Amino acid sequence: MNPQGELVVNLNGGQMIQHAPVIYQNTGGTRHEIHGGYQLVDAHTATFALANYDHTLPLVIDPIL
């Protein structure tokens, strides 16, 4: 990861940068941002770390990996 919260993947011949995710839920026609981002588990695994959110509503994480 870099300081901007982007996921940096080293590949043969270069790097791929995945922008920091935008995470939100729509409730009552209003978009509510959920704090979160990438979390490195080890040198080969990344997951999403999320703040509290309403588990009964759909959660949007953009971009999709």
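Predicted model only: the values in this text are computed from it and were never measured.

Procedures and definitions
- Residue numbers run consecutively from 1 along every chain, following the written order of its sequence.
- Residues qualify for local features only when their pLDDT is at least 70, as the model is predicted, and side-chain atom pairs are given and counted only at 80 or more; totals for whole chains, interfaces and linings, by contrast, use all residues.
- Hydrogens and waters are ignored; side-chain quantities use all the structure's heavy atoms.
- By the criteria applied, helices consist of DSSP H or I runs no shorter than four residues and strands consist of E runs no shorter than two, each listed in order from the N terminus.
- Radius of gyration means the value over C-alpha atoms here, while the globule rule gives 2.2 Å times the residue count to the 0.38 power.
- Here's how the labels work: a residue is buried when its accessible area is under 20% of the maximum for its type, exposed when over 50%, partly exposed in between, all with a 1.4 Å probe on protein chains only.
- Whether two residues are in contact is decided by their heavy atoms, any of which lying within 4.5 Å being enough.
- Using a 1.4 Å probe, accessible areas were evaluated by the Shrake-Rupley method; residue-level cover was limited to the displayed protein chains.
- We call two N or O atoms a polar contact when they sit within 3.5 Å, provided that within protein one can donate a hydrogen and the other can accept it, with sequence-adjacent residues counted only if both atoms are side-chain atoms.
- Paired strands, as defined in this entry, are two strands with at least two bridges between them according to DSSP.
- Axis lines are fitted through C-alpha atoms, for helices just across the contact stretch, and the angle between N-to-C directions can take any value from 0 to 180 degrees.
- By convention, a stacked pair of Phe, Tyr or Trp rings (six-membered ring in the case of Trp) has centres within 6.5 Å and planes under 30 degrees apart, an edge-to-face pair has planes over 60 apart, and any other such pair is tilted.
- Remark: a charge is flagged as sitting over a ring if the NZ atom of Lys or the CZ atom of Arg is within 6 Å of the ring centre and within 35 degrees of the ring normal.

Student: Please set out the overall build of the protein chain residue by residue, giving values where relevant.
Tutor: Of the regular secondary structure elements, the protein chain holds 0 helices and 7 strands. For the protein chain, the succession of helices and strands along the chain, N to C, is β-β-β-β-β-β-β. The C-alpha atoms of the protein chain give a radius of gyration of 14 Å, which is well past the 11 Å a tight globule of 65 residues would have. Counting only C-alpha atoms and orienting by the principal axes, one finds that the protein chain spans roughly 45 × 20 × 20 Å. Across the 65 residues in the protein chain, those meeting the buried criterion constitute 18%. Put simply, of all contacts in the protein chain between residues at least 6 apart along the chain, 39% involve residues at least 24 apart. Put simply, the protein chain shows about 4900 Å² of open surface, and 53% of that area lies on carbon and sulfur atoms.

Student: Residue-level account of the side chain of Asn 2, with values.
Tutor: By the secondary structure assignment, Asn 2 is in the segment before β1 (7-11). Within the local environment of Asn 2, its side chain forms a polar contact with the backbone nitrogen of Gln 4, the two atoms lying 3.0 Å apart.

Student: Go over the pairing of strand β2 (residues 14-18), please, and point to the residues and values.
Tutor: As judged from the 5 bridges shared by β1 and β2, these two strands associate in the antiparallel manner. Its bridge partner lying in β2, Leu 11 is registered against Gly 14. In textbook terms, the turn of a hairpin is the stretch between consecutive antiparallel strands, and for β1 and β2 this stretch comprises 2 residues, one of which, Gly 13, has a positive phi near 90 degrees.

Student: Which residues make up the pairing of strand β5 (residues 36-42), and what are the values?
Tutor: Note: β5 against strand β6 (residues 45-50), 6 bridges, orientation antiparallel. Looking at the pairing, Asp 42 lines up with Thr 45 of β6. As consecutive antiparallel partners, β5 and β6 are separated by 2 residues.

Student: Account for the sheet that holds strand β3 (residues 22-27), with residues named and values stated.
Tutor: Spatial ordering of the open sheet is given by β4-β3-β7, a layout of 3 strands whose pairing is antiparallel. The two strands at the open ends of the sheet, each matched to only one other strand, are β4 (30-33) and β7 (60-62). On average, each strand axis in the sheet is inclined to that of its neighbour by 35 degrees, with strand direction left out of account.

Student: Go over the packing of aromatic side chains, please, and point to the residues and values.
Tutor: Under the criterion given, the structure shown has 1 aromatic pair. One cation-aromatic arrangement involves Arg 31 over Tyr 24; the distance from NZ or CZ to the ring centre is 3.8 Å.

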